[in-house]
Amino acid sequence: MVLKAVKIRIYPNVNQSIQLAQTFGCVRFVWNQMLDMQIERRKNNPEAKYINGFGMNNLLKRLKQEHPWLKKAESTALQSASRDLDDAFQRFFKGQNDFPRFKSKKYAQSYTSKQVNNNIMVLDNHHIKLPKLNSMYFRAGRLPEGKIKRVTVRQNSAGQYYISILTESENQTLPKTGKQIGGDLGLKALLNLSNGEKIPNHHFNDKLSKKIHHWERLRSRRCLEAKKQIAWDKHNHVLEPRRLSDFKNYRKACRMVAKYKMKVANQQLDQLQKLTTKLVRENDVIVLEKLNVKGMMKNHHLARAIGGVSWSKLVDILQYKCDWYGKKLIQIDPSYTSQICAECGERNNRLGLGKAEWLAVREWDCPHCGSHLDRDINAAKVILKHGLVAQ
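Just so it is clear, the structure is predicted and the values come from calculations on it, not from any experiment.

Conventions we followed
- Residues numbered from 1 in each chain as written.
- Predicted model: local features only at pLDDT ≥ 70, side-chain atom pairs only at ≥ 80, totals over all residues.
- Heavy atoms only, no water.
- Helix = DSSP H or I, 4+ residues; strand = E, 2+ residues; numbered from the N terminus.
- Buried < 20%, exposed > 50% of the residue type's maximum accessible area, 1.4 Å probe, protein only.
- Areas by Shrake-Rupley, 256 points an atom, 1.4 Å probe, with all protein chains shown as cover.
- Lys, Arg positive; Asp, Glu negative; His and termini not counted.
- Charge placed at Lys NZ, Arg CZ, Asp CG, Glu CD.
- Expected span 1.5 Å × (residues − 1).
- Polar contact = N/O pair within 3.5 Å; in protein donor to acceptor, adjacent residues only side chain to side chain.
- Pairing = 2+ DSSP bridges.
- Axes fitted to C-alpha atoms, helices over the stretch in contact; angles between N-to-C directions.
- Phe/Tyr/Trp six-rings, centres within 6.5 Å; stacked < 30°, edge-to-face > 60°.
- 1 Å grid on protein atoms, 1.4 Å probe; cavity = no way out; pocket = protein on both sides within 12 Å on 5 of 7 lines; lining within 4 Å.
- Points joined across faces, edges and corners; volume = space filled by probe spheres on them.
- Nonpolar A, V, L, I, M, F, W, Y, C, P; charged D, E, K, R; others polar.
- Core = buried A, V, L, I, M, F, W, Y, C linked by side-chain atoms within 4.5 Å.
- Contact = heavy atoms within 4.5 Å.
- Salt bridge = Lys/Arg side-chain N within 4 Å of Asp/Glu carboxyl O.
- Patch = residues over 30% accessible without salt bridge, like charges linked within 9 Å, V, L, I, M, F, W, Y side chains within 5 Å.
- Parallel < 35°, antiparallel > 145°, perpendicular 65-115°, else oblique.
- Left-handed = near helix turned anticlockwise from the far one by under 90°.

**Student:** Account for the overall build of the protein chain, with residues named and values stated.
**Tutor:** Within the protein chain, the secondary structure is distributed over eleven helices and 14 strands. With the C-alpha coordinates of the protein chain rotated into their principal frame, the extents come out at 80 × 55 × 55 Å. The proportion of buried residues among the 391 residues of the protein chain is 39%. If you sum the accessible surface of the protein chain, you get close to 23600 Å²; carbon and sulfur atoms cover 50% of it. Positive and negative charge centroids in the protein chain, built from 70 and 35 side chains respectively, lie 7 Å apart.

Here is the structure:
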């Protein structure tokens, strides 16, 4: 059995939007209250033991008695807030994450509901039943398959609503093809394959950069004007001074910036999903280089370009798809893969060139066997050979 998540976009009506906003607020309130309780408890008694998720769920009953409006929210969503906070603390204790922080309504909102007595159900191709929301319209490229375990509802900064449906289904192993392929990650081409194919890097961010820059300038200008109005209200002792969120033009500029950035992210993700699905279907073994992306991002000349190609996301998607469909992903050290000849296996030591000069060389002739090699395709072939030896 494998767990799969399908992300689809939902379109709530007015009443459902109000209910979602209330649930977001209740879940955020429970998180902040539980976190504040843990912090104060530790301050008052440093020897006190940490309260786990089960204990926080018991405290949730008292919290509902003190604040009856919490009962308007879906019950399993509040329990999930305690569970998520417990998970955040456990990761902090293991040194994996920083200390949990308080949630703010300024950013994307979300909550998770569990499947209980068929309270979550796909009704047809465009309607889904959610707890306390009844039937809701959605659009998706494919429907979730298998038993629904839980659903996460999220509103992004552009005001759009999405749900991620986690399902449990049987392991769907793809038939073996007997093929192996190596890949060299790059900037000019997103992925150079050992079969000679080069997957282009479409630079989605550059195509929308003018529109993003335009709305970012408007957002900055409108923010300054709004702050002047807020300062004027305070100076004149207005009974209810306006807040930054009260200015419609400023909020519109924020939404437009978020909308275009979300479009870039969706385009990049769509390309990665289609590419990885094709690689997994056609090959049994996929070999890639293991890059230190965090270290490479310190190069300020290449940081923006590296951040725009989403290498880490590509590898993550390939990994879970290989686990789903019974294929194998191998990552190897990329050292000297561009200097070794894939035909004879000899290393050329940059052909006697300096590091900067060698980076500009895209094609070269092997001094040992005379083969004419494309730098990136040759590196992909060397990566494939090293990966098959290492498996």
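**Student:** Outline helix α1 (residues 14-44), listing residues and values.
**Tutor:** Here α1 contains 31 residues, and its C-alpha end-to-end distance of 45 Å stays within 8% of the 45 Å for a straight helix at 1.5 Å per residue. The residue sitting at the N-terminus of α1 and contributing the capping side-chain oxygen is Asn-13; that oxygen lies 3.3 Å from the backbone nitrogen of Asn-15.

**Student:** With reference to specific residues and values, describe the sheet that holds strand β5 (residues 134-139).
**Tutor:** The strand order across the open sheet built from seven strands is β2-β6-β7-β1-β5-β4-β3, with neighbouring strands paired in antiparallel fashion. For this open sheet the edge positions go to β2 (109-114) and β3 (121-124), each flanked by a neighbour on one side alone. Taken over all neighbouring pairs, the strand axes of this sheet differ in orientation by 35° on average, direction set aside. Across eight bridges, strand β6 (residues 147-155) lies against strand β7 (residues 161-169) in antiparallel orientation.

**Student:** So, the packing of aromatic side chains: which residues are in play, and what are the values?
**Tutor:** Taken as a whole, this structure holds eleven aromatic pairs when the rule is applied. Residues Tyr-50 and Phe-89 carry aromatic rings whose centres are separated by 5.1 Å and whose planes lie at 50° to one another, so their mutual orientation is tilted. Residue Tyr-50 is found in the loop between α1 and α2 (53-66), and its partner Phe-89 is found in helix α3 (residues 75-93); the two are separated by 39 residues along the sequence. The class of Phe-89 is buried, set by a relative accessible area of 4%.

**Student:** An account of the layout of surface pockets is needed here, citing residue identities and associated values.
**Tutor:** The space that makes up the largest pocket amounts to roughly 1700 Å³. Listing elements by their share of the lining of the largest pocket, those giving two or more residues are β1 (2-11), β6, β7, α6 (248-282) and α9 (311-325). The dominant element in the lining of the largest pocket, judged by the number of residues it contributes, is α6, at 15 residues. The class makeup of the residues in the lining of the largest pocket is 20 nonpolar, twelve polar and 15 charged.

**Student:** Give me the nonpolar core: which residues, what numbers.
**Tutor:** Counting residues in each nonpolar core, the largest one holds 36 residues, and the members touching the most others are Val-30, Leu-78, Tyr-111, Leu-130 and Ile-163. Leave out the neighbours within four places in its chain, and Tyr-111 touches Leu-20, Thr-23, Phe-24, Val-27, Ala-77, Leu-133, Val-151, Thr-152 and Val-153. Counting residues in hydrophobic clusters, the runner-up holds 25 residues, among them Leu-279, Val-315, Trp-324 and Tyr-325.

**Student:** Account for the side chain of Glu-74, naming residues and giving values.
**Tutor:** Looking at the element boundaries, Glu-74 is found in the loop between α2 and α3. Despite its burial, Glu-74 pairs with no opposite charge; the closest candidate is Lys-132, at 7.6 Å N-O. Only 3.1 Å separates the side chain of Glu-74 from the backbone nitrogen of Ala-77, close enough to count as a polar contact. When residues no more than four places from it in sequence are discounted, the contact partners of Glu-74 are Thr-23, Ser-113, Asn-119, Pro-131 and Lys-132.

**Student:** Quick rundown of the sheet that holds strand β10 (residues 198-200)? Include the residues and the values.
**Tutor:** Spatially, five strands are ordered β10-β9-β8-β11-β12 in an open sheet, and the strand pairing comes out mixed. For this open sheet the edge positions go to β10 and β12 (328-332), each flanked by a neighbour on one side alone. Recorded for the sheet is a direction-independent mean angle of 25° between the axes of neighbouring strands. The sheet strands contacting α6 are β9 (189-193), β10 and β11 (285-289), and the helix crosses β9 at an angle near 5°. On top of the sheet, helix α11 (residues 375-390) reaches β8 (180-185), β9, β10, β11 and β12; it is set at about 130° to β8, its chief contact.

**Student:** For a positive patch on the surface, give the residues involved together with the corresponding values.
**Tutor:** The grouping of Lys-7, Lys-103, Arg-154 and Lys-313 at the surface amounts to a positive patch. Within the secondary structure, Lys-103 sits in the loop between α3 and β2. Of the residues examined, Lys-103 reaches a relative accessible area of 42% and is grouped as partly exposed.

**Student:** Describe the pattern of salt bridges, naming the residues involved and giving the relevant values.
**Tutor:** Taken as a whole and judged by the stated rule, the model has nine salt bridges. Here Arg-91 makes a salt bridge to Asp-87, at a shortest N to O gap of 3.0 Å. Of the two residues, Arg-91 and Asp-87 are both situated in helix α3; the distance of four residues between them amounts to about one turn of the helix. One salt bridge in this structure joins Arg-362 and Asp-376, with 3.0 Å as the shortest N-O distance. Here Arg-362 is found in the loop between α10 (355-359) and β13 (363-365), whereas its partner Asp-376 is found in helix α11, with 14 residues between them in sequence.

**Student:** Could you give an account of the packing of α2 against α3, with specific residues and numbers?
**Tutor:** A pair of packed helices is captured by two measures, namely the crossing angle of their axes and the spacing between those axes. Between α2 and α3, whose axes approach to 9 Å, the crossing angle comes to 135°. Comparing their axes, α3 and α2 come out oblique. In terms of crossing hand, the pair formed by α2 and α3 is right-handed. Between α2 and α3, the residues in contact are Gly-53, Met-56, Asn-57, Leu-60 and Lys-64 and Ser-75, Leu-78, Gln-79, Ser-82, Leu-85 and Asp-86, respectively. Tallied by class, residues from the contact of α2 with α3 come to four nonpolar, five polar and two charged.

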